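Here are the chains, one letter per residue:
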Amino acid sequence: MQYSLSDYQYMAEAIALAKKGRFTTTPNPNVGCLIVKNHKIIGRGWHKKAGSGHAEVNALRDLTFEQSSGATAYVTLEPCSHFGRTPPCAQLLIDSGIKKVFVAMLDTNPQVSGKGITMLQQAGIEVQTGLLEQEARCLNLGFFSRIEKKRPYIKVKMACSIDGKVALENGDSQWITGKDARSDVQTHRALSSAVLSTAKTVLMDNATLNVRQQSLNFEYPIDETNTEIRQPIRLILDSKNQITLDKISSLSLFSEQSTIVLFRNKLTNEFAKIDWITEVALDYQSGFDLTALLGWCTSNEINDLWVEAGSTLAASFIEQSIFDELIIYQAPKIMGATAQDVLPLGPFNNMSQIFQLKMTDVTQVGSDLRMTYTIG
C-alpha cells in the first residue's frame, strides 16, 4: 500500500496523542485518533483512563455529524467492536459518517482482533491498515505482552557501582546512584502497572515504591479525567511473613492507601480489615514460583511490571529468562571486593553457560549511566 506524506504525518500525530495517556490508561492500551477533512485536522483525541472515553470518542466529541461526515480517521489501534466499559468505537465511526479509516495496527485482543475492521468495512467504510505499525505497537508493549504472552512486559531494574556491586558487605546501599537516576526510576514507576519488590527490600531500605510528584522529571498529566497521580500496584514477596500488622505504621510503604499485595507462602489474614492490603498465597520452594506470580499478574490485568528489588530476585528473573528489559544504572563509584555482587549467578564452568544479552541503549543520566539490555 502506498501512503502519502500527509498520511504518515497524520498517523505520527495520532501516535503522539496516544503517548499522552501512557501514564494513566492501564489496563487499557494507549490509543490516539485524528479526524481529517479537506486536508484539515478537525478532531484530536486520545484515551486518558480506563472507563473514560476512548480516543475516537474524544476526537469526535465536539464535531457535529455534518462536520465529521465524509472525513477520514487515523487511529493507532483497531477500533473496538464490543461493549466493555464503553460502547464500541467502530460503531461510533460509522454513526459519525466517517468515509475512510487508517488503522496503524490490528488489535490482537481476541475480543477485537479484526472484528472492528470487519464492522467498518461492512458499513461501506474504506479501511487501510499497517501505517506506522511498528511505532504503534511500541505504544503498548505491556498490553500486547499480556494478551499474547500471557504475562506482563517485565523490566528488571538494578543499580550498581562500576565494579558491579549493589551494597557494601554490611548491606548499606543508600545511595549508589545520584538524584537524576533516582528521578528517572520514578518515571519508570509511573509508566508501570505494578512494582514488584521483596519484604527484605521494604524492611532494609524502608522503601516506598510509589510515584512522588516532586521527584518526577516531567509534568504529570493531571486534568479533569486524571485528578491525581495513578499509583502502580505494589507487589511484595514476603515468604516469611515478615511484614506484620504491628510494623506497617513504621514503614513508608504503607504511608498512603494505594493497593498493596503481599505474596506469602502461608496466609495470616491479619490485614483482612484493611481493604487496600491483600494477601495472596503463592507456591514457595527454594523461591517463589515466578510463572505463577506472572499468571496472577495477567489475571489481574497487569500490563507492565517494574521489578525493583535486591540482586537475588533480579537474578531469578535473569536466570529463568523471564524479562524483557534489564535496566542497570551504573554509578561512577568503586565499592570494593567484599561488597555484594549485582547479579549472583553461576558459577559457570565454560563460556557456553553464560548469559548473552543485547545492549539496546546507553544514556547518561546525571553523573550515572543507564544501560538497557534485552535477551540476546
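Provided above is the structure to which this section pertains.
Residues numbered from 1 in each chain as written. Predicted model: local features only at pLDDT ≥ 70, side-chain atom pairs only at ≥ 80, totals over all residues. Heavy atoms only, no water.

Caption draft 1: Broad picture of the overall build of the protein. Summing up its helical and strand segments, the protein has 11 helices and 16 strands in all. A compact globule built from 376 residues should have a C-alpha radius of gyration of about 21 Å, and the protein, at 23 Å, falls within 12% of that. Over its C-alpha atoms, taken along the principal directions, the protein stretches across nearly 70 × 50 × 40 Å. For the protein, with 376 residues in total, the buried portion stands at 52%. Put simply, 72% of the contacts in the protein that link residues at least 6 apart link residues at least 24 apart. Counting only carbon and sulfur atoms, one obtains 48% of the accessible surface of the protein, whose full area is about 18100 Å². Counting 36 positive and 39 negative side-chain charges, the protein places the averaged centre of each group 1 Å from the other. (Helix = DSSP H or I, 4+ residues; strand = E, 2+ residues; numbered from the N terminus. Rg over C-alpha atoms; globule rule 2.2 N^0.38 Å. Buried < 20%, exposed > 50% of the residue type's maximum accessible area, 1.4 Å probe, protein only. Contact = heavy atoms within 4.5 Å. Areas by Shrake-Rupley, 256 points an atom, 1.4 Å probe, with all protein chains shown as cover. Lys, Arg positive; Asp, Glu negative; His and termini not counted. Charge placed at Lys NZ, Arg CZ, Asp CG, Glu CD.)

Caption draft 2: Looking closely at the sheet that holds strand 2 (residues 40-46). Ordered by their spatial adjacency, five strands build an open sheet running 2-1-3-4-5, and the pairing between neighbours is mixed. Only two strands of the sheet have a single partner each, and these edge strands are strand 2 and strand 5 (126-129). Adjacent strand axes in the sheet meet at a mean angle of 15° when their direction is disregarded. In this sheet, strand 4 (residues 100-103) lies alongside strand 3 (residues 72-75) in parallel orientation, the contact comprising four bridges. Bridging from a neighbouring strand, A73 pairs with V101 of strand 4. (Pairing = 2+ DSSP bridges. Axes fitted to C-alpha atoms, helices over the stretch in contact; angles between N-to-C directions.)

Caption draft 3: Representation of the pairing of strand 9 (residues 233-237) within the structure. Here strand 9 lies mainly inside the structure; four of its five residues are buried. When strand 8 (residues 194-198) meets strand 9, the two strands line up parallel, connected through five bridges. Looking at the pairing, A194 lines up with I233 of strand 9. In this view, the connection linking strand 8 to its parallel neighbour strand 9 by way of helix 9 (residues 199-205) has right-handed handedness. (Right-handed = clockwise from strand over helix to strand, strands pointing away.)

Caption draft 4: Region of interest: helix 5 (residues 115-122). Listed as buried for helix 5 are G116, I117 and L120. In a view along the axis of helix 5, the buried residues occupy a sector of 100°, so they form one face of it. Structurally, helix 5 contributes buried residues whose contacts are with helix 4 (89-95), strand 4 and strand 5. The first or second residue beyond helix 5 is G124, which carries a positive phi of 90°. (Arc of directions from axis to C-beta.)

Caption draft 5: Region of the structure containing the pattern of salt bridges. Taken as a whole and assessed by the stated rule, the structure comprises 14 salt bridges. Residue E13 is joined to R44 by a salt bridge in which the shortest nitrogen-to-oxygen separation is 2.5 Å. With a gap of 31 residues between them, E13 in helix 1 (residues 5-19) and R44 in strand 2 connect regions that are remote in the sequence. By relative accessible area, which is 27% here, E13 ends up partly exposed. Among the residues examined, R44 registers a relative accessible area of 45% and is labelled partly exposed. Among the charged side chains, a salt-bridge network with shared partners connects D238, R264, E270 and E279. (Salt bridge = Lys/Arg side-chain N within 4 Å of Asp/Glu carboxyl O.)

Caption draft 6: Representation of the nonpolar core within the structure. Counting residues in hydrophobic clusters, the biggest one holds 41 residues, and the most contacted among them are M11, I35, Y74, I98 and V101. For this core, the secondary-structure elements that each account for two or more residues are helix 1, strand 1 (32-37), helix 2 (55-60), strand 3, helix 4, strand 4, helix 5 and helix 7 (141-148). Top element by residues in this core is helix 1. It accounts for six residues. Those residues in contact with I98 that lie beyond four places of it in its chain are I35, L60, S68, A71, T72, A73, L93 and I125. (Core = buried A, V, L, I, M, F, W, Y, C linked by side-chain atoms within 4.5 Å.)

Caption draft 7: Structural view of the sheet that holds strand 9. Pairing within the open sheet is mixed, and its nine strands lie in the order 11-10-9-8-12-6-13-16-15. Both edges of this open sheet fall to strand 11 (277-281) and strand 15 (357-365), since each of them pairs with a single strand only. Each neighbouring strand pair of the sheet contributes to a mean axis angle of 20°, computed without reference to strand direction. Direction of pairing for strand 6 (residues 153-161) relative to strand 13 (residues 325-331): parallel, over a ladder of seven bridges. The residue of strand 13 that forms the bridge with K155 is E325. Across the face of the sheet, helix 8 (residues 179-191) comes into contact with strand 6, strand 8, strand 12 (304-308), strand 13, strand 15 and strand 16 (368-375) while running at roughly 145° to strand 12.

Caption draft 8: Molecular detail of unusual backbone geometry. In this structure, the amide linkage connecting T26 to the following residue, P27, adopts the cis form with an omega of 10°. Structurally, P27 is set in the loop between helix 1 and strand 1. The phi angle at N38 is positive, at roughly 55°, despite the residue not being glycine. Checked against the element boundaries, N38 lands in the loop between strand 1 and strand 2. The exposure class of N38 is exposed, given its relative accessible area of 69%. Here L209, not a glycine, exhibits a phi torsion of approximately 60°, which is positive. Tracing the chain through its elements places L209 in the loop between helix 9 and strand 9. L209 sits in the buried class, given a relative accessible area of 1%.

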